[in-house]
Amino acid sequence: MPNIEIDGAIHEVDGGQNLLQACLALGLDLPYFCWHPAMGSVGACRQCVVTQYTGPEDRRGRLVVGCMTPVGEGLRISLKNDAAKEFRADIIELLMTNHPHDCPVCEEGGQCHLQDMTVMTGHTVRRFRGKKRTHRNQYLGPFINHEMNRCIACYRCVRYYQDYAGGKDLGVFGAHHHVYFGRSEDGVLENEFSGNLVEVCPTGVFTDKTYGKRYSRKWDLQTAPSICVHCSLGCNTTPGERYGELRSIVNRYHGEINRYFLCDRGRFGYGFVNSERRILQPELRGRQAISPDAARELLKSVLEPAEKVIGIGSPRASLEANYALRELVGADRFYTGWTESGNELMQTVLEVLRRTDALNPTLAQIEQADAVLILGEDPSNTAPRLALSVRQAVRNAGFELAAKVGIPHWQDDAVREVAQDLRSPLFIASCASTRLDGIATDVFRGTPDEIACLGFAVARNLNPKAPAVRNLSASLKDKARVIADALKNAQRPLVISGTGCLDKTVIEAAANVAKALQSGGKALSLVVPECNSTGLALLSGHSLEEAEKALESGAAETVLIVENDLYRHAGKSLVDRLLDRAKYVVLIDHSRHPIAGKADLVLPAASFAETEGTYVNNEGRAQRFFSVMLPGAEMQDSWQWLRDAGAGNWEHADSIIAAIASGIPGLKGVADAAPGAGFRISGMKIPRQSQRYSGRTAMRANIAVSEPKQPVDPDSPLAFSMEGAAVQPPAALMSSAWAPAWNSNQSIIKFQAEVGGHLQGGDPGVRLLESSGSLDWFAAFPEPAKAAKGTWLVVPQYYIFGSEPLSSGSPAIAEQVNGLCVLLNPEDLDALQTKSGDALELQFDGQSTVAEAKSDIGVPIGVAAVSFGLAGSEGIDWLTRVPIRKAAAEV
């Protein structure tokens, strides 16, 4: 590690860094704009200039750009030199000549990186009195507001959107001081990570439109550490509350998972918490309201006799809620809410992760892969943040080439110039086109059976001990050989698969590929459906088909459902039969869905924003989330309703977490996911409100002018107050970052062990799954079904907006959701004598589903990719062959 001298002091720094990064890692304040730790250096703004000296005798030095200068042994620099300070002040003053004087009304005010850097350089008086250049703002869709007059031309937005996230429709136009950052015309930003522009932009050019509709200053938001509920990756988030309403979601840094970025579903999908679909009070069938006390007594009575009650859990309910249900009804009467095939899928995932000899990677480790095979999964829609990591992984070949010619990895523009179109190998096998196709080395389209066969063939090419595959076509053999060669030559090969195809043989094929790889750096990542699918699978439970049998036989009479819309996990006919055979149906949930209309008793549950709990993500990491606001007067946590019904005598969240850790072998470490409710710093709790939080009396002035006592939270070490420990808490309890002189999200650098690395003290969560390396070969090869004339194999087509139920309750997301559609190969559309936009009728089990036809050259002939999770998809029997015809015109 080299030693460098900064303003007369000797510091030891990490080699391979640039000066700006080294200074920030040392805790020094050096202003910057264009540099970003995830995107490297381009030297566009010149704001991080310092003075570099050639030796002890050099008294004058020369100005160098910090983000473009590598550190080296004996380097001497000054941040405080008058020439450097004057240069940085001049840069700010020049930027301000066109920047509007609108801080008091700008939504970035108080959390603006430009404000911070302006103050840091000492620029407090504007001398320029000339006319400022102005721009026309654009409509960019329901997520983002555009205010181009605030732009300082740092180029962060286009570097992020185009180079990092792969977007095509946002660019820079013009020249000199008349550059314009936007689209060629008004329209919705097409990239699924567009919302990160809000945090990437150091000014107020791009702001959160959903937040702007119910705006509060950053310091007036009550916040808490939380976990995204919209997929299985477990991205860390910070929800913000004001006046009892959830106002925003922003990224909460986690060095192993999401790091600096969220997908748009995770950022803007919070609107369901404020939705009219919320269940606010206990109800009887027909939405007849009853009191909470009456509901508790009724719940106890309908749960007698206990042996006649079955409980159906949920992959989106917390570990605590599912465990409480399991304790209430007993393990032998606990059902997961999945069908037999769904249960089988998740148990296959657990078996593979527990026994594979491959690394179960974090998203940060996925970004280091130098060859990737995606087998049967569409991560851009099922696990979007993972797809963003894959986009970074394909750049590794370029980084390696740049390193050979002496270019450091942080020299972003130079690395891209050397790399050109060079990419690490990426192979995609899927049932339809994906957003990653444009960066793929090769793609394969097939049915789930054919995708599995390809995977098994790749494994056989990698290792002759792998079971052989029969009846492979010559083209499939060639493709398997090419993929195997690329993976074999990689040092860090990665296989990505999951439950997206709804076929366990695809997962087994991926496991075989991972086992066949010889590299010590090999990894296998499996995507699962929902935020707590892994946690639910670790509890184990029976299938919905078994639940139906129990009701049919009379072994059960009452069904207790917790946070689950069963129509999303099973066919309509199965769910209808199950509910019809139950004498009494109880639903505990926070949002209204079709099951609520069929339940005899509906109990209002708290959402993720109003409760504490634990989710286990796809890698098996248990993470705690905390309430940012209190639930409504007649709501309570799902596990508390179940506790009141007799599930246990847990007084607080710590009690049930301890019970889970001691009662379920696979969940032994869950108590270590975050500090318990008794945690204190110098005897104080951690405040949810900032020290500048305002209006605690004024916001209630219509009720009383005195300030009430702040609510007490017995379930966490967080306080619903601005009073508390004003020091850095453990990472699992840190909802937002703030440091003196750093009010923007860039302040996170003050809390990282190294800039862009892990958080100080370690990233939140605890890994529960440890692999034994004992997984044997899977040998049950599927026989690809032959196409029957006049029928199509129905496979799921996922969409980032619409396929996940909770986010669809957000108005901004709802604007982006299309209707039910079926993707067909153009040749199949011709055979049906139809075209894109026409209505098609699909026949399932005597029932018909009507969907809009869309052409996709990526869909194999004989396959129909139908929207998954959208309204109208409830009756679809996936992976079956069905007739399709043009729907009759409405009269």
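Participant: Would you mind going over the packing of aromatic side chains with me for this structure?
Facilitator: Working definition: an aromatic ring pair is given by the centre-to-centre distance plus the angle between the planes. Evaluated as defined, the whole model comprises 16 aromatic pairs. Ring geometry for tyrosine 32 against tryptophan 742: centres 6.1 Å apart, planes inclined by 35 degrees, an arrangement best described as tilted. Of the two residues, tyrosine 32 sits in the loop between helix H1 (19-25) and strand E3 (49-53) while tryptophan 742 sits in the loop between strand E29 (718-719) and strand E30 (766-767), which places them 710 residues apart along the sequence. The pair formed by tyrosine 32 and tryptophan 742 is uniform in burial state, with each residue classed as buried. Centre to centre, the rings of tyrosine 323 and tryptophan 650 are 6.1 Å apart; their planes meet at 45 degrees, and the pair counts as tilted. Of the two residues, tyrosine 323 sits in helix H9 (residues 319-329) while tryptophan 650 sits in the loop between helix H22 (638-644) and helix H23 (653-663), which places them 327 residues apart along the sequence. Cluster of aromatic residues (ring-pair linked, three or more members): Tyr160, Tyr164, Tyr253, Tyr260 and Phe261. In this arrangement the basic side chain of arginine 242 is found over the ring face of tyrosine 693, its NZ or CZ atom lying 5.0 Å from the centre. For the cation-ring pair, lysine 515 lies above tryptophan 777, with the distance from its terminal atom to the ring centre recorded as 5.2 Å.

Participant: I'm lost on the sheet that holds strand E24 (residues 584-589) in this one. Help?
Facilitator: Backbone hydrogen bonds hold the strands of a sheet together, and the pairing may be parallel or antiparallel. The strand order E15-E14-E25-E24-E23-E16-E17 describes an open sheet built from 7 strands, whose pairing is mixed. In this open sheet, the two edge strands, each paired with only one partner strand, are strand E15 (288-289) and strand E17 (334-335). Relative to E24, strand E23 (residues 558-562) is paired through 5 bridges, and the arrangement is parallel. Residue valine 559 lies in a different strand from E24, and its bridge partner there is valine 585. Strand contacts of helix H8 (residues 292-302): strand E14 (283-284), strand E16 (309-312), E23, E24 and strand E25 (601-604), with the helix running at about 130 degrees to E25, the strand carrying the most contacts. Across the sheet, H9 lies against E16, E17 and E23, angled at about 165 degrees from E16, the strand it touches most.

Participant: Would you take a moment to explain the sheet that holds E30 for this structure?
Facilitator: Taking strand neighbours across the sheet as the criterion, the 3 strands line up as E26-E27-E30 in an open arrangement whose pairing is antiparallel. Two strands close off the open sheet at either side, each with one partner strand: strand E26 (613-616) and E30. Pairing geometry for E26 and strand E27 (residues 621-625), over 4 bridges, is antiparallel. Among the inter-strand pairings, threonine 614 is bridged to a residue of E27, identified as arginine 624.

Participant: It is not clear to me how the packing of helix H10 (residues 340-355) against helix H18 (residues 504-516) should be interpreted in this structure. Could you clarify?
Facilitator: To characterise two packed helices, one gives the angle between the axes of the helices and the distance between these axes. Interaxial distance between H10 and H18 falls to 9 Å at its minimum, and their mutual angle equals 10 degrees. As judged from the angle between their axes, H10 and H18 are roughly parallel. Where H10 approaches H18, its residues Glu344, Leu345, Thr348, Val349 and Val352 are matched on the opposing element by Lys504, Ile507, Glu508 and Ala511. In terms of residue class, the contact of H10 with H18 is made up of 5 nonpolar, 1 polar and 3 charged.

Participant: What's the story with the pattern of salt bridges in this structure? I'm lost.
Facilitator: Side chains bearing opposite charge may pair, as long as their charged atoms lie close to each other. Under the definition given, this model contains 45 salt bridges. Between arginine 127 and glutamate 93 there is a salt bridge, and its shortest N-O distance comes to 2.7 Å. Of the two residues, arginine 127 sits in the loop between helix H3 (113-121) and strand E6 (144-146) while glutamate 93 sits in helix H2 (residues 82-96), which places them 34 residues apart along the sequence. Note on glutamate 93: relative accessible area 17%, which makes it buried. One salt-bridge network, in which partners are shared between bridges, spans Arg159, Asp163, Arg395, Asp412 and Arg416.

Participant: Could you clarify how one ought to interpret the domain arrangement of the protein chain in this entry?
Facilitator: By a frequent convention, interface size equals the accessible area lost on bringing the separate parts together. Per the domain assignment, the segments making up the protein chain are domain 1 (3-98), domain 2 (131-274), domain 3 (289-337 + 541-672 + 679-694 + 719-751), domain 4 (359-521) and domain 5 (792-886). One C-alpha centre belongs to domain 2, the other to domain 4; they are set 30 Å apart. With both chains or domains summed, domain 2 and domain 4 bury close to 1,600 Å², and 54% of this area falls on carbon and sulfur atoms. Where domain 2 meets domain 4, there are 4 salt bridges. For glutamate 367, the salt bridge identified is with arginine 259, shortest N-O distance 4.0 Å. The tally of links between domain 2 and domain 4 comes to 10 residue pairs in polar contact (both at pLDDT 80 or more). With 3 residues, helix H4 (residues 156-164) is the largest single contributor of residues to the side of domain 2 that touches domain 4. Taken together, the residues that form the side of domain 2 that touches domain 4 break down as 9 nonpolar, 3 polar and 7 charged.

Participant: Could you clarify how one ought to interpret the side chain of threonine 362 in this entry?
Facilitator: One can find threonine 362 in the loop between H10 and helix H11 (363-366). Those residues in contact with threonine 362 that lie beyond four places of it in its chain are Glu256, Glu619, Arg621 and Arg767.

Participant: Where do I start with H4 in this structure?
Facilitator: Because an α-helix packs 3.6 residues into every turn, residues spaced three or four apart end up facing the same way. The element H4 is largely enclosed, with a buried count of 7 among its 9 residues. Of all the residues in H4, the buried ones are Arg156, Cys157, Val158, Arg159, Tyr160, Tyr161 and Tyr164. One or two residues past the end of H4 sits glycine 166, with phi positive at roughly 80 degrees.

Here is what the cut-offs are and how they apply
- Residues numbered from 1 in each chain as written.
- Predicted model: local features only at pLDDT ≥ 70, side-chain atom pairs only at ≥ 80, totals over all residues.
- Heavy atoms only, no water.
- Phe/Tyr/Trp six-rings, centres within 6.5 Å; stacked < 30°, edge-to-face > 60°.
- Helix = DSSP H or I, 4+ residues; strand = E, 2+ residues; numbered from the N terminus.
- Buried < 20%, exposed > 50% of the residue type's maximum accessible area, 1.4 Å probe, protein only.
- Lys NZ or Arg CZ within 6 Å of the ring centre and 35° of its normal.
- Pairing = 2+ DSSP bridges.
- Contact = heavy atoms within 4.5 Å.
- Axes fitted to C-alpha atoms, helices over the stretch in contact; angles between N-to-C directions.
- Parallel < 35°, antiparallel > 145°, perpendicular 65-115°, else oblique.
- Nonpolar A, V, L, I, M, F, W, Y, C, P; charged D, E, K, R; others polar.
- Salt bridge = Lys/Arg side-chain N within 4 Å of Asp/Glu carboxyl O.
- Domains from an automatic or database assignment.
- Buried area = accessible area lost by both parts, 1.4 Å probe.
- Polar contact = N/O pair within 3.5 Å; in protein donor to acceptor, adjacent residues only side chain to side chain.

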